[in-house]
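# Tertiary structure, described
For reference, the chains in residue letters:
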Amino acid sequence: MPYLLLLWGQLCGLLYDLRYQDTLWQEGHRTWRAVKRLKLQDKRSGLPVYVSALFENAKPVLLSVCHDGENTYWSVAWKGDTLEWVSRRLSHAWLRRYMVAIRGPRTWCRGPQPFKEVQIVIPLAQRPQVPEDTLWQWNLPWRDSLILPWIQTLRLPSGCITAMGLHVRYFANGKVSYEKISVYVQRHLQLPFDEESRVVLVSKLPRAYRQRFLSLRKRLPTYAYVVRIQDYYPLSLTEAQAWMYLLRQKQSFPLPSELSSLGNPALVALLPD
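The rules behind the values
- Every chain is numbered independently, its residues counted from 1 as its sequence is written.
- With the structure being a predicted model, the display of local features is reserved for residues of pLDDT at least 70 and the display and counting of side-chain atom pairs for 80 or more, all residues being used for whole-chain, interface and lining totals.
- As a rule here, side-chain values cover all heavy atoms of the structure and leave hydrogens and water aside.
- A carboxyl oxygen of Asp or Glu within 4 Å of a side-chain nitrogen of Lys or Arg is what we treat as a salt bridge.
- Secondary structure counts use DSSP, requiring at least four H or I residues in a row for a helix and at least two E residues in a row for a strand, with both numbered from the N terminus.
- A simple rule labels every residue: compare its accessible area, found with a 1.4 Å probe on the protein chains alone, to the largest value its type can have, and call it buried under 20%, exposed over 50%, or partly exposed in between.
- Two strands pair under a simple rule: DSSP has to find at least two bridges between them.
- To count toward a patch, a residue needs a relative accessible area over 30% and no salt bridge; like charges are then connected within 9 Å, while nonpolar side chains (Val, Leu, Ile, Met, Phe, Trp, Tyr) are connected within 5 Å.
- Per-residue and other accessible areas were derived by the Shrake-Rupley procedure at a 1.4 Å probe size, with only the shown protein chains allowed to occlude residues.
- The charge count includes Lys and Arg as positive and Asp and Glu as negative, but it does not include His or the ends of the chains.
- Every charge is mapped onto a representative atom, which is NZ of Lys, CZ of Arg, CG of Asp or CD of Glu.
- By definition here, a helix of n residues has an expected span of 1.5 Å times n minus one.
- Here a residue-residue contact requires only that any non-hydrogen atoms of the pair lie within 4.5 Å.
- Here an angle of 0 to 180 degrees is reported between the N-to-C directions of two axes, which are lines fitted to C-alpha atoms, with helices fitted over the stretch in contact.

A word on the pattern of salt bridges. Pairing is possible between side chains that carry opposite charge, provided their charged atoms lie close to one another. Enumeration according to the criterion identifies eight salt bridges in this entry. The salt bridge involving Glu-239 is made with Arg-19; its shortest N-O contact spans 3.7 Å. You can see Glu-239 sitting in helix H6 (residues 237-249) and its partner Arg-19 sitting in the segment before strand E1 (23-27), a full 220 residues away along the chain. A residue is classified by how much of its surface remains accessible, and Glu-239, at 9% relative accessible area, is buried. For Asp-22, the salt bridge identified is with Arg-106, shortest N-O distance 2.7 Å. Of this pair, Asp-22 sits in the segment before E1 while Arg-106 sits in the loop between strand E7 (99-103) and strand E8 (115-123), and the two are 84 residues apart along the sequence. Take Arg-106: its relative accessible area is 30%, and that puts it in the partly exposed class.

This is the structure in structure tokens:
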């Protein structure tokens, strides 16, 4: 499978959103100290920008930073106005050092084997975020065979168990590694969301529970969908199901804006090795 370790491109002509960009840069605790040392010009007038002087009245907030040719363009909110600046094109090393990278589905984490961090949900009851979803009923064997016995060994907040979560690593060669397992709880029936209340390393599961999990994932028909790829979160259930289809098929991930519906989700073994 061809891949890039990380796609850094940010095009000024596209929306500053992970649906349209592979990587976004956001300000971190070191950003403005470094920006103050850059030679910046106002995009409209060409006049120099003195960032330190802005802080005397109010702290700027970085809205976006993108590249076009030899320049880097900045959009900044300050005292109710949007300021547009331009500087020489910044290197990836500068960005990595002074800013925070937010990565989309097409990016890869660095390592001996590049991988994506993917989070999957196996619903076990009606989740408040997606009350229209009824396919969770296919997963009752997961609840009865693994989750209900396991949660008796855990300290969980009071509430309704709604789902089982899996944190996996999806490698560039198509392999999948199960890293963590979790339990989702809706703490009160009036809350419009559930939350990941306990996360445990798969390797730290008691042996009997770990063996049960590995056995079930290979042979049990399972309904699941993706709730996170890298730093990107799907915007709808249909989109989450489509990502799961691509993951099961070991297909390349597109930009979210280019993802199309892939029909009804199949009930198959969780993920192939």
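Having seen the structure, we can now continue with the description.
What follows concerns the sheet that holds strand E5 (residues 71-78). If you trace the five strands from one edge of the open sheet to the other, you get E3-E2-E6-E5-E4, paired in antiparallel fashion. Among the strands making up the open sheet, the edge pair consists of strand E3 (48-49) and strand E4 (61-68). The pairing of strand E2 (residues 40-42) with E3 spans two bridges and is classified as antiparallel. When the sheet's bridge partners are listed, Leu-40 is paired in E3 with Val-49.

What follows is about unusual backbone geometry. Within the chain, Gln-230 stands out as a residue other than glycine whose phi angle is a positive 55 degrees. For Gln-230, the location among the structural elements is in the loop between strand E12 (225-229) and H6. A residue is classified by how much of its surface remains accessible, and Gln-230, at 1% relative accessible area, is buried. Unlike most non-glycine residues, Lys-250 shows phi in positive territory, near 55 degrees. Considering the arrangement of structural elements, one finds Lys-250 in the segment after H6. Residue Lys-250 is classed as partly exposed on the basis of its relative accessible area, which comes to 32%.

Attention now goes to the pairing of strand E6 (residues 81-88). Across two bridges, E2 lies against E6 in antiparallel orientation. What sits directly across from Gln-41, in E6, is Val-86. Counting the residues that bridge the hairpin from E5 to E6 gives two residues, and of these Lys-79 lies at a positive phi of roughly 50 degrees.

So, about a positive patch on the surface. Together, Arg-30, Arg-33, Lys-36, Arg-37 and Arg-97 line one region of the surface with positive charge. Locating Arg-97 in the fold gives a position in helix H3 (residues 92-98).

Across seven bridges, the pairing between E4 and E5 is antiparallel. Each residue of the ladder has a partner; that of Ser-64, found in E5, is Ser-75. Counting the residues in the hairpin turn of E4 and E5 gives two residues, including Gly-69, whose phi is positive at 65 degrees.

Let us now look at H6. In this model H6 runs 19 Å from its N-terminal to its C-terminal C-alpha over 13 residues, within 8% of the 18 Å that 1.5 Å per residue would give. For H6, the buried fraction is high: ten of the 13 residues fall into the buried class. Every buried residue of H6 is listed here: Leu-237, Glu-239, Ala-240, Gln-241, Ala-242, Trp-243, Met-244, Leu-246, Leu-247 and Arg-248. Taken together, the buried residues of H6 touch E8, strand E9 (160-171) and E12. One or two residues past the end of H6 sits Lys-250, with phi positive at roughly 55 degrees.

Next up on the list: the sheet that holds E12. Spatially, five strands are ordered E11-E10-E9-E8-E12 in an open sheet, and the strand pairing comes out antiparallel. Each having just a single partner strand, strand E11 (195-201) and E12 make up the two edges of the open sheet. The average angle at which neighbouring strand axes cross in this sheet is 30 degrees, direction not considered. Across nine bridges, the pairing between E8 and E9 is antiparallel. Its bridge partner being in E9, Val-121 is matched across the sheet by Gly-165.

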